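Report on the structure
So you can see what is in the structure, the chains are spelled out below.
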Amino acid sequence: MKVLITLLSILSWMTIYAQPSIKVEVSADTTAVGEVVEVTYTIENGDGKFQAPDLSGLPVIGGPNTSSSFVYQNGKMSSSQSYAYLFQPMDEGKLKIPSASYVDKSQTLKIDSVEVIVNRYGQQSTVKKSTPASEPAKPSREKKKF
């Protein structure tokens with residue numbers, strides 16, 4: 001009886017621990033026309049396959065750039081896979097990267113779409129700088145997590 005309880009608790013722990021974690025990072029949620037935006041999909045502790053979004057018709061200049069790591073520490077394994085794409089929008093408006101998915105064993109996880117606002121000057125800086133009146137302020141970029 002003790003063996004059965006121990007096996008069930010180990011299996012349930014492994015099932016909970018082995019759930020993949022997916023995150024999407026965008027280099028900037030607002031950017032200027034012609035600036036490069038990086039979108040990175042990261043899957044942690046997953047054992048499945050990433051299915052990239054349909055990027056046809058989008059201003060892709062690079063990608064997928066992939067990286068992966070596997071770490072064994074104190075008898076525990078953790079893994080991470082990343083897929084990065086570079087975009088360079090040349091028109092004002094919204095750049096919408098469609099949703100992607102991740103297939104892991106018997107489940108399919110949907111990754112939400114990402115929108116980047118593209119305008120003439122990019123993101124307005126929150127820090128006031130003294131600049132000559134003839135020169136526009138350079139846009140600042142910050143990394144956003146979704």
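See the structure above.
The rules we used
Residues numbered from 1 in each chain as written. Predicted model: local features only at pLDDT ≥ 70, side-chain atom pairs only at ≥ 80, totals over all residues. Heavy atoms only, no water. Helix = DSSP H or I, 4+ residues; strand = E, 2+ residues; numbered from the N terminus. Buried < 20%, exposed > 50% of the residue type's maximum accessible area, 1.4 Å probe, protein only. Contact = heavy atoms within 4.5 Å. Areas by Shrake-Rupley, 256 points an atom, 1.4 Å probe, with all protein chains shown as cover. Core = buried A, V, L, I, M, F, W, Y, C linked by side-chain atoms within 4.5 Å. Pairing = 2+ DSSP bridges. Axes fitted to C-alpha atoms, helices over the stretch in contact; angles between N-to-C directions. Phe/Tyr/Trp six-rings, centres within 6.5 Å; stacked < 30°, edge-to-face > 60°.

Okay, the overall build of the chain next. When helices and strands are tallied, the chain shows one helix and 11 strands. Going from the N terminus to the C terminus, the chain shows its helices and strands as α-β-β-β-β-β-β-β-β-β-β-β. By the burial criterion, 27% of the 146 residues in the chain qualify as buried. Contacts spanning at least 24 positions in sequence make up 66% of the contacts within the chain whose residues lie at least 6 apart. With an accessible surface of roughly 10,100 Å², the chain has 53% of that area assigned to carbon and sulfur atoms.

Formed by 18 residues in total, the largest nonpolar core has its most connected members in Val39, Tyr41, Phe50, Phe87 and Ile97. Within the residue set of this core, elements represented by two or more residues are strand E1 (21-26), strand E3 (37-44), strand E6 (76-87), strand E7 (93-97), strand E8 (100-104) and strand E10 (114-119). Here this core takes four residues from E3, the largest share from any one element. Discounting chain neighbours no more than four positions away, the residues touching Ile97 are Val39, Tyr41, Pro53, Leu55, Leu58, Phe87, Ser113 and Val114.

Here E3 pairs with E6 via eight bridges, running antiparallel. When the sheet's bridge partners are listed, Glu38 is paired in E6 with Leu86. Note that strand E5 (residues 60-73) and E6 share 11 bridges and pair antiparallel. If you follow Ser67 over to E6, its bridge partner there is Ser82. Hairpin connection between E5 and E6: a loop of two residues separates the two successive antiparallel strands, and Asn74 in this loop has a positive phi of roughly 55 degrees.

Let's shift gears to the pairing of E8. Across a regular strand the side chains alternate sides, sitting on one face of the sheet and then on the other. For E8, a buried count of four out of five residues is recorded, marking the element as mostly surrounded by other parts of the structure. Looking at chain direction, strand E4 (residues 49-51) and E8 are connected through three bridges and run antiparallel. When the bridges of E8 are listed, Gln51 appears paired with Ser101. Strand direction decides the pairing type here: E8 and strand E9 (residues 107-111), joined by five bridges, are antiparallel. Across the sheet, residue Tyr102 finds its bridge partner in E9, namely Leu109. As consecutive antiparallel partners, E8 and E9 are separated by two residues, and within that stretch Lys105 has a phi angle of approximately 55 degrees, a positive value.

Quick look at the sheet that holds strand E2 (residues 30-32) now. Strands sit in the order E2-E10-E7 across an open sheet of three strands; the sheet is mixed. Two strands in the sheet have a free side with no partner beyond their single neighbour: E2 and E7. Averaged over all neighbouring strand pairs, the angle between strand axes comes to 30 degrees, with direction disregarded. Sheet topology places E2 next to E10; three bridges connect them, and they run parallel. Counted as the bridge partner of Ala32 is Asn119 from E10.

A separate point is the packing of aromatic side chains. Scanning the entire structure with this criterion turns up three aromatic pairs. On the basis of an interplanar angle of 40 degrees and a centroid distance of 5.2 Å, the ring pair of Tyr41 and Phe50 is categorised as tilted. Measuring from centroid to centroid gives 6.3 Å for Tyr41 and Tyr85, while their planes differ by 80 degrees, and the two rings are edge-to-face. On the criterion of sequence distance, the pair formed by Tyr41 in strand E3 and Tyr85 in strand E6 is long-range, its members being 44 residues apart.

Just geometry here; none of it tells us what the structure is for.
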